[in-house]
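These are the residues of each chain, in order.
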Amino acid sequence: MASSTPSRRLPVKDHLHRLYMSVRDRYWLRLLLLVGIPVGVLLLFFVLPLMIMLWLSFHDGMPPASYTLENYMRLFDSLYLNVLWRTLTMTVQVTVLVTAVGYTLAYSVVQFSRRTTLLLLLVILPFWTNYIVRMYALINIFQTGGAMSWVLNTVGLLNEDFGMLFTHEAVLIGLAYVWLPLATLPFYASLSNLDTDLIDASKDLGAGPIKTFYSVTLPLTYNGLIAGIILVAIPTFGAFVTPALLGGTDQIMIGNVIDQQFNQAFNWAFGAAIGIFVSLIVLVVLGLSTRIGGSIVGVGGDQQ
């Protein structure tokens, strides 16, 4: 009986090498593997839901309802205009507060501290705690008879229970606390890449600290400043958890209205119209920031 010789199998590394060579020799296949997956994820989880929302916003109810523009016309009612104005006001206030505190903090870390790693760790430490947990911690601090009231009574500044929960100030402090680390990091990146020789040259030429800051430091960290502002303004404009937990019914923002339309009123068409309107505002803000020179990735101390 004749013996059969078993077929020789190639090692796994040879198969991987052949696969690599076939991919390397085909430009379109390389492009598909590098770009196709991210683009597919973007289309599936961002563009497609946005298109569905846009289509839904032109209906007077859940499809197959008739088409209408009433959902967009309702946005100009005084009720929603007041909510939009409150949202814009809160966004500007939070952005200004976070920019002032975050830039000062980043500047201090770069210029006056040698333990930058430890300080940056302390800056991002709140991100290690769940968002909702941090909000309930602020509730315990701001509520009447809470931690803040106890401290003020202990040091003798007050003789009665004090609370600031469900106020404009509580929402302002809560949003600033949440987004402060997110803005400090691009501020620190731009300041750490700044050429200190230019600062020394400005001082040697007779400029004081304030003039040096406005003529050298601030212009050369412009991109990082704009990036930090964008990273704070956009999520603040769409915030709804913090206003709901710290502001109550008197401090609702446009994000709360969208949440109410989808989860309470079940008017998905109107909620989709508000969502599209908010998305357009965000796109306009991003377009303006690009026009004036800001960039999320260009945070280094580069010359304008």
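Residues numbered from 1 in each chain as written. Predicted model: local features only at pLDDT ≥ 70, side-chain atom pairs only at ≥ 80, totals over all residues. Heavy atoms only, no water.

## Points about the overall build of the protein
We apply this condition: Here a strand is any run of E in DSSP of at least two residues, a helix any run of H or I of at least four, and the numbering for each starts at the N terminus. The buried label goes to any residue with under 20% of its type's maximum accessible area, the exposed label to any with over 50%, and the partly exposed label to all in between, with areas taken from a 1.4 Å probe on protein chains only. The contact criterion used is simple: two residues touch if any of their non-hydrogen atoms lie within 4.5 Å.
Broken down by element type, the protein carries 14 helices and zero strands. Secondary structure elements of the protein, listed N to C terminal, follow the sequence α-α-α-α-α-α-α-α-α-α-α-α-α-α. For the protein, the proportion of its 304 residues judged to be buried stands at 33%. In the protein, of all internal contacts separated by at least 6 residues, the share reaching a separation of at least 24 is 66%.

## Examining helix 11 (residues 222–237)
Quick reminder of the rule: Each helix should span, by expectation, one fewer than its residue count multiplied by 1.5 Å.
With 16 residues, helix 11 extends 22 Å between its outermost C-alpha atoms, agreeing within 8% with the 22 Å of an ideal straight helix rising 1.5 Å per residue. Buried within helix 11 are the following residues: Asn223, Gly224, Leu225, Ile226, Ala227, Gly228, Ile230, Val232, Ala233, Thr236 and Phe237. Among the structural elements, helix 4 (78–112), helix 8 (168–192), helix 10 (209–220), helix 13 (254–263) and helix 14 (268–291) are those in contact with the buried residues of helix 11.

## Topic: the packing of helix 4 against helix 11
As a reminder, the rule being used: Fitted lines through C-alpha atoms give the axes, limited to the stretch in contact for helices. The angle between two N-to-C directions lies from 0 to 180 degrees. Crossing handedness is read from the near helix: turned anticlockwise from the far helix by less than a right angle, it gives a left-handed crossing, and turned clockwise, a right-handed one.
Running from amino to carboxyl end, helix 4 crosses helix 11 at an angle of 145°, the nearest separation of the two axes being 9 Å. The crossing of helix 4 and helix 11 is right-handed. Side by side, helix 4 and helix 11 meet where Leu84, Thr87, Leu88, Met90, Thr91, Val94, Thr95, Val98, Thr99 and Tyr103 of the first sit next to Leu225, Ile229, Val232, Ala233, Thr236 and Phe237 of the second.

## Digging into unusual backbone geometry
A cis amide bond links proline 63 to the next residue, proline 64, at an omega of 15°. With respect to the secondary-structure elements, proline 64 resides in the loop between helix 2 (27–57) and helix 3 (70–73). Here the phi dihedral of phenylalanine 266 falls at roughly 55°; this positive angle occurs in a residue that is not glycine. Within the secondary structure, phenylalanine 266 is located in the loop between helix 13 and helix 14.

## What to know about the nonpolar core
We count it as follows: In this description, a nonpolar core means a group of buried Ala, Val, Leu, Ile, Met, Phe, Trp, Tyr and Cys residues linked to one another through side-chain atoms lying within 4.5 Å.
Counting residues in each nonpolar core, the largest one holds 29 residues, and the members touching the most others are Met90, Val94, Phe142, Leu175 and Leu246. For this core, the secondary structure elements donating two or more residues are helix 4, helix 6 (131–142), helix 8 and helix 11. Per element, the largest residue contribution to this core is 11 residues, and it comes from helix 8. Residues contacting leucine 175, with those up to four places away along its chain left out, are Met90, Val94, Thr236, Ala239, Thr242 and Met253. Leu75, Leu84, Ala273 and Val282 belong to the second largest nonpolar core, which has 16 residues in total.

## Observations concerning the side chain of serine 202
Turning to its location among the elements, serine 202 is positioned in helix 9 (residues 196–204). If we ignore the near neighbours within four places in the chain, the residues touching serine 202 are Ala207, Thr212, Ser215 and Val216.

## What to know about helix 6
Note on helix geometry: an α-helix contains 3.6 residues per turn, so any two residues three or four positions apart are oriented the same way. We apply this condition: Directions pointing from the helix axis toward each C-beta atom define the arc. Any pair of nitrogen or oxygen atoms within 3.5 Å is treated as a polar contact; in protein, a donor-acceptor pairing is required on top of that, and neighbouring residues in sequence qualify only through side-chain atoms on both sides.
Between its terminal C-alpha atoms helix 6 stretches 17 Å, which fits the 16 Å expected from 12 residues at 1.5 Å a residue. Residues of helix 6 that are buried include every one of Arg134, Met135, Leu138, Ile139 and Phe142, and no others. Down the axis of helix 6, the sector holding all buried residues measures 150°, keeping them to one side. Contact partners of the buried residues in helix 6: helix 7 (147–154), helix 8 and helix 12 (241–247). One side-chain oxygen at the N-terminal end of helix 6 lies 2.9 Å from the backbone nitrogen of isoleucine 132; it belongs to asparagine 130.

## Brief notes about the environment of valine 151
When you line up the elements, valine 151 lands in helix 7. For valine 151, a relative accessible area of 41% puts it in the partly exposed group. Along the backbone, valine 151 and isoleucine 141 are 10 residues apart, and their C-alpha atoms lie at a distance of 9.9 Å.

## Topic: a negative patch on the surface
The criterion, for reference: By definition, no residue in a patch forms a salt bridge, and every one has over 30% relative accessible area; like charges are joined within 9 Å, nonpolar side chains (Val, Leu, Ile, Met, Phe, Trp, Tyr) within 5 Å. Computed by Shrake-Rupley with a 1.4 Å probe, the accessible areas treat only the displayed protein chains as cover when residues are assessed. In the sections that follow, a salt bridge refers to a side-chain nitrogen of Lys or Arg positioned within 4 Å of a carboxyl oxygen of Asp or Glu. In summary, the charge assignment counts Lys and Arg as positive and Asp and Glu as negative, without counting His or the chain termini. Lys charges are placed at NZ, Arg charges at CZ, Asp charges at CG and Glu charges at CD.
Taken together, the side chains of Asp195, Asp197, Asp200 and Asp204 define an acidic patch exposed on the protein surface. The class of aspartate 197 is exposed, set by a relative accessible area of 52%.

## Here we look at a nonpolar patch on the surface
A grouping of Ile37, Val41, Leu44, Phe45, Leu48, Ile52, Trp55 and Tyr67 is seen on the molecular surface, where their side chains present a nonpolar patch of about 880 Å² in accessible area. Position of leucine 48 relative to the elements: it lies in helix 2.

## A word on the packing of aromatic side chains
The condition that has to hold: Think of it this way: a Phe, Tyr or Trp ring, Trp meaning its six-membered ring, pairs with another when their centres are within 6.5 Å, and the plane angle makes it stacked under 30 degrees, edge-to-face over 60, tilted otherwise. Note on geometry: a ring has a charge over it if NZ (lysine) or CZ (arginine) is within 6 Å of the ring centre and within 35 degrees of the ring normal.
For the structure on display, the rule yields seven aromatic pairs. Look at tyrosine 103 and phenylalanine 213: their rings are 5.8 Å apart centre to centre, the planes differ by 80°, and that puts the pair in the edge-to-face class. Of this pair, tyrosine 103 sits in helix 4 while phenylalanine 213 sits in helix 10; the two residues are 110 residues apart in sequence, bridging distant segments of the chain. Take tyrosine 103: its relative accessible area is 7%, and that puts it in the buried class. Connected via pairs of aromatic rings, a cluster forms that spans Tyr103, Tyr107, Phe187, Phe213 and Tyr214. Between arginine 74 and the ring centre of phenylalanine 270, over which it is positioned, the NZ or CZ distance is 3.9 Å.

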